[in-house]
Amino acid sequence: MTEYFSMIPDLVKLADQAGEAIMAVYRTDFETKIKSDQSPVTEADIVAEKIILDGLSQLTPNLPVVAEEQVADGKTPVLSSPYYWLVDPLDGTKEFVRRSGEFTVNIALIRTKSPILGVVCAPALKTSYWGAVGHGAFCRENGISGSIAVNVPDDDDIRIISSRHHGNNRELQDFLATFNVVQTIEAGSSLKFCVVAKGDADLYPRFGPTCEWDTAAGHAILDAAGGYVTNVDGSAFLYRKKDFRNSNFIAWGGLNPP
(Lines give C-alpha, C1' and ligand atoms only; values in the text may rest on other atoms or scores of the structure.)
Protein backbone atom coordinates (compact mmCIF):
# COMPACT_ATOMS: atom_id res chain seq x y z
CA MET A 1 0.00 0.00 0.00
CA THR A 2 2.83 2.42 0.84
CA GLU A 3 4.20 2.37 -2.70
CA TYR A 4 0.79 3.22 -4.10
CA PHE A 5 0.17 5.95 -1.52
CA SER A 6 3.39 7.64 -2.68
CA MET A 7 1.85 8.03 -6.14
CA ILE A 8 -0.97 10.28 -4.95
CA PRO A 9 0.75 13.56 -6.00
CA ASP A 10 1.20 12.11 -9.50
CA LEU A 11 -2.41 10.93 -9.56
CA VAL A 12 -3.67 14.36 -8.48
CA LYS A 13 -1.65 15.94 -11.29
CA LEU A 14 -3.02 13.38 -13.74
CA ALA A 15 -6.60 14.14 -12.70
CA ASP A 16 -5.82 17.86 -13.05
CA GLN A 17 -4.56 17.29 -16.60
CA ALA A 18 -7.72 15.39 -17.48
CA GLY A 19 -9.75 18.17 -15.88
CA GLU A 20 -8.00 20.81 -17.98
CA ALA A 21 -8.82 18.85 -21.14
CA ILE A 22 -12.44 18.55 -20.02
CA MET A 23 -12.70 22.29 -19.43
CA ALA A 24 -11.26 23.00 -22.88
CA VAL A 25 -14.19 21.05 -24.36
CA TYR A 26 -16.63 22.57 -21.85
CA ARG A 27 -15.92 26.01 -23.26
CA THR A 28 -16.91 24.94 -26.78
CA ASP A 29 -20.18 24.09 -28.51
CA PHE A 30 -19.51 20.39 -28.04
CA GLU A 31 -21.55 17.51 -29.45
CA THR A 32 -23.34 15.00 -27.23
CA LYS A 33 -23.86 11.40 -28.35
CA ILE A 34 -25.94 8.68 -26.71
CA LYS A 35 -24.36 5.30 -25.93
CA SER A 36 -26.12 1.94 -26.13
CA ASP A 37 -27.04 2.16 -22.43
CA GLN A 38 -28.74 5.52 -23.15
CA SER A 39 -26.15 7.51 -21.21
CA PRO A 40 -24.51 10.55 -22.84
CA VAL A 41 -20.90 10.77 -23.97
CA THR A 42 -18.91 13.73 -25.28
CA GLU A 43 -15.48 14.44 -26.68
CA ALA A 44 -14.46 15.40 -23.14
CA ASP A 45 -15.08 11.84 -21.87
CA ILE A 46 -12.88 10.39 -24.62
CA VAL A 47 -10.03 12.89 -24.36
CA ALA A 48 -9.88 12.73 -20.55
CA GLU A 49 -9.88 8.93 -20.53
CA LYS A 50 -6.93 8.80 -22.95
CA ILE A 51 -4.93 11.17 -20.75
CA ILE A 52 -5.60 9.05 -17.67
CA LEU A 53 -4.89 5.73 -19.39
CA ASP A 54 -1.61 7.05 -20.78
CA GLY A 55 -0.60 8.37 -17.36
CA LEU A 56 -1.49 5.17 -15.50
CA SER A 57 0.39 3.07 -18.05
CA GLN A 58 3.53 4.99 -17.12
CA LEU A 59 2.94 4.94 -13.36
CA THR A 60 1.88 1.29 -13.06
CA PRO A 61 2.48 -0.50 -16.37
CA ASN A 62 1.63 -3.89 -14.87
CA LEU A 63 -1.75 -2.99 -13.38
CA PRO A 64 -4.97 -3.39 -15.39
CA VAL A 65 -7.30 -0.42 -15.80
CA VAL A 66 -11.07 -0.65 -16.01
CA ALA A 67 -12.21 2.60 -17.66
CA GLU A 68 -15.81 3.50 -18.43
CA GLU A 69 -15.50 4.38 -22.11
CA GLN A 70 -13.27 1.41 -22.89
CA VAL A 71 -15.77 -0.91 -21.24
CA ALA A 72 -18.52 0.71 -23.31
CA ASP A 73 -16.46 -0.19 -26.38
CA GLY A 74 -16.15 -3.80 -25.25
CA LYS A 75 -12.57 -3.49 -23.99
CA THR A 76 -12.47 -4.99 -20.50
CA PRO A 77 -9.13 -6.21 -19.12
CA VAL A 78 -8.62 -9.53 -17.38
CA LEU A 79 -8.45 -8.84 -13.64
CA SER A 80 -5.90 -11.43 -12.53
CA SER A 81 -4.07 -9.06 -10.16
CA PRO A 82 -5.33 -8.24 -6.63
CA TYR A 83 -4.89 -4.59 -7.65
CA TYR A 84 -6.55 -2.71 -10.51
CA TRP A 85 -7.57 0.82 -11.38
CA LEU A 86 -11.14 2.01 -11.82
CA VAL A 87 -11.49 5.15 -13.93
CA ASP A 88 -14.41 7.40 -14.77
CA PRO A 89 -12.90 10.16 -16.90
CA LEU A 90 -16.01 12.32 -16.65
CA ASP A 91 -18.44 11.35 -13.92
CA GLY A 92 -21.63 13.32 -14.24
CA THR A 93 -21.70 13.74 -18.01
CA LYS A 94 -25.32 14.86 -17.69
CA GLU A 95 -24.15 17.68 -15.40
CA PHE A 96 -21.43 18.49 -17.93
CA VAL A 97 -24.01 18.73 -20.71
CA ARG A 98 -26.25 20.90 -18.49
CA ARG A 99 -23.17 23.00 -17.63
CA SER A 100 -23.90 22.81 -13.90
CA GLY A 101 -20.20 22.44 -13.03
CA GLU A 102 -20.91 19.38 -10.84
CA PHE A 103 -18.89 16.82 -12.78
CA THR A 104 -15.70 15.07 -11.78
CA VAL A 105 -12.69 13.04 -12.83
CA ASN A 106 -12.52 9.81 -10.81
CA ILE A 107 -9.43 7.61 -10.37
CA ALA A 108 -9.47 4.78 -7.82
CA LEU A 109 -7.23 1.87 -6.90
CA ILE A 110 -8.94 -1.38 -5.90
CA ARG A 111 -7.30 -4.06 -3.77
CA THR A 112 -9.15 -7.36 -4.08
CA LYS A 113 -12.74 -6.05 -3.67
CA SER A 114 -12.26 -2.74 -1.84
CA PRO A 115 -11.15 0.75 -2.92
CA ILE A 116 -8.04 1.82 -1.02
CA LEU A 117 -7.06 5.04 -2.77
CA GLY A 118 -9.01 7.66 -4.67
CA VAL A 119 -8.72 11.00 -6.42
CA VAL A 120 -11.71 13.13 -7.41
CA CYS A 121 -11.19 16.35 -9.38
CA ALA A 122 -14.03 18.80 -10.01
CA PRO A 123 -12.37 21.09 -12.56
CA ALA A 124 -15.23 23.56 -13.02
CA LEU A 125 -15.37 24.07 -9.24
CA LYS A 126 -11.56 24.28 -8.94
CA THR A 127 -11.72 21.65 -6.24
CA SER A 128 -9.99 18.30 -5.80
CA TYR A 129 -10.22 15.56 -3.17
CA TRP A 130 -7.91 12.64 -2.53
CA GLY A 131 -7.29 10.06 0.14
CA ALA A 132 -5.96 6.63 0.97
CA VAL A 133 -7.20 4.25 3.63
CA GLY A 134 -4.94 4.60 6.66
CA HIS A 135 -3.35 7.81 5.38
CA GLY A 136 -6.17 10.35 5.66
CA ALA A 137 -8.20 12.43 3.21
CA PHE A 138 -7.53 15.87 1.77
CA CYS A 139 -9.20 18.66 -0.17
CA ARG A 140 -7.79 21.43 -2.35
CA GLU A 141 -9.99 24.44 -3.03
CA ASN A 142 -8.73 27.37 -5.10
CA GLY A 143 -5.17 26.20 -4.62
CA ILE A 144 -5.33 25.75 -0.83
CA SER A 145 -5.02 22.18 0.51
CA GLY A 146 -5.90 20.72 3.88
CA SER A 147 -7.00 17.52 5.57
CA ILE A 148 -10.69 16.65 5.86
CA ALA A 149 -12.70 14.32 8.10
CA VAL A 150 -16.31 13.26 8.50
CA ASN A 151 -18.61 15.01 10.92
CA VAL A 152 -19.64 13.19 14.11
CA PRO A 153 -23.10 14.54 15.04
CA ASP A 154 -23.61 15.39 18.70
CA ASP A 155 -27.39 14.89 18.48
CA ASP A 156 -29.95 13.09 16.30
CA ASP A 157 -30.14 15.83 13.66
CA ILE A 158 -28.54 14.80 10.38
CA ARG A 159 -27.93 16.36 7.00
CA ILE A 160 -28.26 14.21 3.91
CA ILE A 161 -26.97 14.68 0.41
CA SER A 162 -28.71 13.07 -2.52
CA SER A 163 -28.52 12.85 -6.27
CA ARG A 164 -29.90 15.78 -8.18
CA HIS A 165 -31.71 13.38 -10.52
CA HIS A 166 -32.16 10.09 -8.62
CA GLY A 167 -33.37 11.19 -5.21
CA ASN A 168 -37.16 11.04 -5.36
CA ASN A 169 -38.31 7.46 -4.90
CA ARG A 170 -40.18 5.42 -2.32
CA GLU A 171 -37.21 3.32 -1.18
CA LEU A 172 -35.25 6.44 -0.31
CA GLN A 173 -38.13 7.99 1.59
CA ASP A 174 -38.75 4.78 3.53
CA PHE A 175 -35.08 4.59 4.51
CA LEU A 176 -34.94 8.22 5.62
CA ALA A 177 -38.07 7.83 7.76
CA THR A 178 -35.86 6.41 10.52
CA PHE A 179 -33.77 9.60 10.73
CA ASN A 180 -34.34 13.16 11.89
CA VAL A 181 -33.33 14.90 8.67
CA VAL A 182 -32.86 18.64 9.17
CA GLN A 183 -31.26 19.48 5.83
CA THR A 184 -31.19 17.96 2.35
CA ILE A 185 -28.47 18.93 -0.10
CA GLU A 186 -28.41 17.98 -3.79
CA ALA A 187 -25.31 17.46 -5.89
CA GLY A 188 -24.14 15.63 -8.98
CA SER A 189 -21.46 13.03 -9.63
CA SER A 190 -19.06 11.61 -7.01
CA LEU A 191 -19.04 14.99 -5.24
CA LYS A 192 -21.70 13.55 -2.92
CA PHE A 193 -19.17 11.19 -1.33
CA CYS A 194 -16.72 14.07 -0.96
CA VAL A 195 -19.25 16.34 0.72
CA VAL A 196 -19.81 13.62 3.34
CA ALA A 197 -16.05 13.07 3.65
CA LYS A 198 -15.56 16.78 4.27
CA GLY A 199 -18.17 16.78 7.03
CA ASP A 200 -20.66 19.01 5.22
CA ALA A 201 -23.27 16.22 5.13
CA ASP A 202 -23.76 13.14 7.30
CA LEU A 203 -25.34 10.62 4.97
CA TYR A 204 -25.58 9.84 1.27
CA PRO A 205 -28.18 7.14 0.54
CA ARG A 206 -28.27 5.99 -3.06
CA PHE A 207 -31.29 4.13 -4.40
CA GLY A 208 -30.60 4.10 -8.10
CA PRO A 209 -28.25 2.69 -10.73
CA THR A 210 -24.50 3.28 -10.55
CA CYS A 211 -21.40 1.51 -11.81
CA GLU A 212 -18.20 0.79 -9.92
CA TRP A 213 -16.26 3.57 -11.66
CA ASP A 214 -18.91 6.06 -10.48
CA THR A 215 -18.34 5.28 -6.81
CA ALA A 216 -14.87 3.82 -6.17
CA ALA A 217 -12.82 7.04 -5.91
CA GLY A 218 -15.34 8.80 -3.69
CA HIS A 219 -15.74 5.65 -1.61
CA ALA A 220 -11.97 5.49 -0.99
CA ILE A 221 -11.86 9.16 0.02
CA LEU A 222 -14.80 8.72 2.39
CA ASP A 223 -13.16 5.69 4.01
CA ALA A 224 -9.92 7.66 4.38
CA ALA A 225 -11.86 10.50 6.03
CA GLY A 226 -13.36 8.21 8.66
CA GLY A 227 -16.60 7.21 6.96
CA TYR A 228 -17.70 4.03 5.25
CA VAL A 229 -20.06 2.61 2.64
CA THR A 230 -22.45 -0.32 3.04
CA ASN A 231 -25.19 -2.07 1.18
CA VAL A 232 -28.65 -1.12 2.42
CA ASP A 233 -28.70 -4.18 4.69
CA GLY A 234 -25.46 -3.06 6.36
CA SER A 235 -23.16 -5.56 4.64
CA ALA A 236 -19.88 -4.53 3.05
CA PHE A 237 -20.12 -2.71 -0.28
CA LEU A 238 -17.70 -4.59 -2.54
CA TYR A 239 -16.18 -4.24 -6.00
CA ARG A 240 -14.86 -6.53 -8.78
CA LYS A 241 -18.38 -7.52 -9.77
CA LYS A 242 -18.66 -9.23 -13.15
CA ASP A 243 -20.72 -6.49 -14.81
CA PHE A 244 -19.30 -3.62 -12.67
CA ARG A 245 -22.84 -2.63 -11.67
CA ASN A 246 -23.56 -1.59 -8.09
CA SER A 247 -26.45 -2.37 -5.80
CA ASN A 248 -28.16 0.37 -3.80
CA PHE A 249 -25.87 1.66 -1.06
CA ILE A 250 -25.51 4.00 1.91
CA ALA A 251 -22.46 6.25 2.35
CA TRP A 252 -22.06 7.09 6.03
CA GLY A 253 -20.14 9.93 7.63
CA GLY A 254 -19.57 9.80 11.39
CA LEU A 255 -22.94 8.22 12.08
CA ASN A 256 -23.53 4.81 13.56
CA PRO A 257 -26.11 2.78 11.63
CA PRO A 258 -29.51 2.55 13.39
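Below, the structure is looked at part by part.

## As for the overall build of the protein chain
In terms of regular secondary structure, the protein chain is built from 8 helices and 14 strands. Each principal axis of the C-alpha atoms in the protein chain carries an extent, and together these give about 45 × 40 × 40 Å. Relative to its full complement of 258 residues, the protein chain shows a buried share of 55%. Partitioning the intrachain contacts of the protein chain with sequence separation of at least 6 by distance along the chain shows that 64% fall at a separation of at least 24. Taken as two groups, the 23 positive and 33 negative side-chain charges of the protein chain have centres that lie 4 Å from each other.

## Focus on the environment of Tyr26
Mapped onto the elements of the fold, Tyr26 is located in helix α2 (residues 8-26). What Tyr26 contacts, discounting residues up to four positions off in sequence, is Phe96, Arg99, Ser100, Gly101 and Phe103. A distance of 3.5 Å separates a polar side-chain atom of Tyr26 from the backbone nitrogen of Gly101.

## Some thoughts on the nonpolar core
By size, the foremost hydrophobic cluster in this structure holds 37 residues, and its most contacted members are Leu86, Tyr129 and Leu222. Where this core is concerned, the elements lending two or more residues are β4 (83-91), β5 (104-111), β6 (114-122), β8 (136-141), α7 (191-197), α8 (212-224) and β14 (249-252). Ignoring any residue separated from it by four or fewer positions in sequence, one finds Tyr129 in contact with Gly118, Val119, Val120, Phe138, Cys139, Ile148, Leu191, Cys194, Lys198 and Ile221. Ala48, Ile52, Leu117 and Trp130 belong to the second largest nonpolar core, which has 36 residues in total.

## Topic: the environment of Ile34
Relative to the elements of secondary structure, Ile34 occurs in strand β1 (residues 32-34). By relative accessible area, Ile34 is classed as exposed at 52%. Every residue in contact with Ile34, bar those within four places of it in the chain, is listed here: Ser39 and Pro40.

## A few points about the pairing of β14
With burial as the criterion, each face of β14 is covered, one bearing Phe249 and Ala251 and the other bearing Ile250 and Trp252. Direction of pairing for strand β12 (residues 203-206) relative to β14: antiparallel, over a ladder of 4 bridges. Within β14, the residue paired with Leu203 across the bridge is Trp252. Of the pairings in the sheet, the one linking strand β13 (residues 228-231) to β14 comprises 4 bridges and is antiparallel in character. Directly across from Tyr228, in β14, lies its bridge partner Trp252.

Criteria and thresholds
Residues numbered from 1 in each chain as written. Predicted model: local features only at pLDDT ≥ 70, side-chain atom pairs only at ≥ 80, totals over all residues. Heavy atoms only, no water. Helix = DSSP H or I, 4+ residues; strand = E, 2+ residues; numbered from the N terminus. Buried < 20%, exposed > 50% of the residue type's maximum accessible area, 1.4 Å probe, protein only. Contact = heavy atoms within 4.5 Å. Lys, Arg positive; Asp, Glu negative; His and termini not counted. Charge placed at Lys NZ, Arg CZ, Asp CG, Glu CD. Polar contact = N/O pair within 3.5 Å; in protein donor to acceptor, adjacent residues only side chain to side chain. Core = buried A, V, L, I, M, F, W, Y, C linked by side-chain atoms within 4.5 Å. Pairing = 2+ DSSP bridges.

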